[in-house]
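Breakdown of the fold
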Amino acid sequence: RTAYEILQLQTYYTSGPTETRAWTIGKGWTAPKAAGVIHGDFERGFIRAETISYDDLVDCGSESAAKSKGLLRSEGKEYVVQ
């Protein structure tokens, strides 16, 4: 954790039906740049990302519960990953 703070890094997560992955990115990166960590084509073709904060997801217990509470957000190219 201390190394991440010194290096100004953070982790973001992606989830699908069968897999959740953690990705390391720099603090202050926009969504397209973060998507590029997964694959360069994702950065070039980025349009929007659906996001749920980690705390909201844990509190709700599932993606569908978070969606039903209106906690799912659609973020564009200027979104700074948190």
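Above this text you will find the structure in question.
One structure accompanies this document, and this report is about it.

Procedures and definitions
Residues numbered from 1 in each chain as written. Predicted model: local features only at pLDDT ≥ 70, side-chain atom pairs only at ≥ 80, totals over all residues. Heavy atoms only, no water. Core = buried A, V, L, I, M, F, W, Y, C linked by side-chain atoms within 4.5 Å. Buried < 20%, exposed > 50% of the residue type's maximum accessible area, 1.4 Å probe, protein only. Helix = DSSP H or I, 4+ residues; strand = E, 2+ residues; numbered from the N terminus. Contact = heavy atoms within 4.5 Å. Arc of directions from axis to C-beta.

1. Some remarks on the nonpolar core
Counting nine residues, the largest nonpolar core is built from Tyr 12, Trp 23, Ile 25, Ala 31, Ala 34, Ala 35, Phe 46, Tyr 79 and Val 81. Counting only elements with at least two residues in this core, the list comes to strand S2 (20-26) and helix H2 (31-38). In terms of residues, this core owes the most to one element, H2, which gives three residues. Residues within four places of Trp 23 in sequence aside, it is in contact with Gln 10, Thr 11, Tyr 12, Thr 14, Val 37 and Ile 38.

2. Structural notes on the environment of Ala 35
The topology assignment puts Ala 35 in helix H2. You can call Ala 35 buried: its relative accessible area is 10%. As a C-alpha pair, Ala 35 and Trp 23 span 12 residues in sequence and 9.4 Å in three-dimensional space. Setting aside residues up to four positions removed in sequence, Ala 35 forms contacts with Tyr 12, Phe 42, Glu 43 and Phe 46.

3. What about H2?
Within H2 the residues assigned to the buried category are Ala 31, Pro 32, Ala 34 and Ala 35. Here the buried residues of H2 occupy an arc of 160 degrees about the axis, which is enough to place them on one side. Turning to H2, the residues buried within the fold contact strand S1 (9-15), S2 and helix H3 (40-44).

4. Details of the environment of Val 81
As for its position among the elements, Val 81 is in the segment after strand S4 (73-75). Looking at Val 81, the relative accessible area reads 11%, which means it is buried. Between the C-alpha atoms of Val 81 and Ala 31, which are 50 residues apart in sequence, the distance is 5.8 Å. Filtering out sequence-adjacent residues up to four positions away, Val 81 remains in contact with Gln 10, Tyr 12, Ile 25, Trp 29, Thr 30, Ala 31 and Ala 34.

5. Points about unusual backbone geometry
We note that Gln 8 has phi near 60 degrees; this positive angle belongs to a residue other than glycine. Secondary-structure assignment places Gln 8 in the loop between helix H1 (2-7) and S1. Exposure remark for Gln 8: the relative accessible area of 46% places this residue in the partly exposed category.

6. Some points on the environment of Cys 60
Tracing the backbone shows Cys 60 in helix H4 (residues 54-60). Judged by its relative accessible area of 17%, Cys 60 is buried. Expressed as a C-alpha distance, the spacing of Cys 60 and Ser 15, which sit 45 residues apart in the sequence, is 16 Å. Dropping the residues within four chain positions of it, Cys 60 is found in contact with Ala 65, Ala 66, Lys 69 and Leu 71.

Nothing here speaks to function; it is geometry throughout.
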